[in-house]
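Geometric and topological summary
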Amino acid sequence: MPTVNGIHYEVANYTDPWREPQTVLLHHGFGRSMNFWREWVPLLARDYRVVRIDARGCGDSAVPPQGAP
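The notes below deal with the structure included here.

The rules behind each value
Residues numbered from 1 in each chain as written. Predicted model: local features only at pLDDT ≥ 70, side-chain atom pairs only at ≥ 80, totals over all residues. Heavy atoms only, no water. Pairing = 2+ DSSP bridges. Helix = DSSP H or I, 4+ residues; strand = E, 2+ residues; numbered from the N terminus. Phe/Tyr/Trp six-rings, centres within 6.5 Å; stacked < 30°, edge-to-face > 60°. Salt bridge = Lys/Arg side-chain N within 4 Å of Asp/Glu carboxyl O. Buried < 20%, exposed > 50% of the residue type's maximum accessible area, 1.4 Å probe, protein only.

All right, on to the sheet that holds strand 3 (residues 23–27) then. Overall, mixed pairing links the 4 strands, which are arranged 1-2-4-3 in an open sheet. Two strands lie at the open edges of the sheet, namely strand 1 (3–4) and strand 3, each paired on one side alone. Pairing analysis gives 2 bridges linking strand 1 to strand 2 (residues 7–12), with the strands arranged antiparallel. By the bridge assignment for strand 2, threonine 3 is matched with histidine 8.

If you want it as structure tokens, here you go:
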């Protein structure tokens with residue numbers, strides 16, 4: 001699973017390979033995970049590069065240490 005600075009993310013891009021698609025970032029609400037957007041991926045990924053993230057401490061992202069900003 002890809003992570004950057006403890007943030008887990010997934011990219012779905014089913015656009016035509018000769019196109020440079022726009023990117024859509026999907027961020028879940030409080031107490032959820034990126035799976036909240038799972039049903040939207042097939043609808044959006046044909047026309048856009050879809051990036052879903054798990055906020056810190058949610059889903060598969062790392063829990064920040066005590067006192068972290």
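Under the definition given, this model contains 1 aromatic pair. Note on phenylalanine 36 and tryptophan 37: the rings are 5.1 Å apart at their centroids and 85 degrees apart in plane angle, and the pair reads as edge-to-face.

A few words now on the pattern of salt bridges. Inspection of every chain in the model, using the stated rule, returns 3 salt bridges. Of the charged contacts in the structure, one is a salt bridge between aspartate 16 and arginine 46, with a shortest N-O distance of 3.2 Å. Within this pair, whereas aspartate 16 is found in the loop between strand 2 and strand 3, its partner arginine 46 is found in the loop between helix 1 (41–44) and strand 4 (49–53), the two being separated by 30 residues in sequence. Using a relative accessible area of 41% as the deciding quantity, one classes arginine 46 as partly exposed. Its salt-bridge partner being arginine 49, residue glutamate 20 comes within 3.0 Å of it at the nearest N-O pair. A residue pair is termed long-range when its members are at least 10 positions apart, and glutamate 20 in the loop between strand 2 and strand 3 and arginine 49 in strand 4 qualify at 29 residues. On the basis of relative accessible area, glutamate 20 is assigned to the exposed category, the value being 68%.

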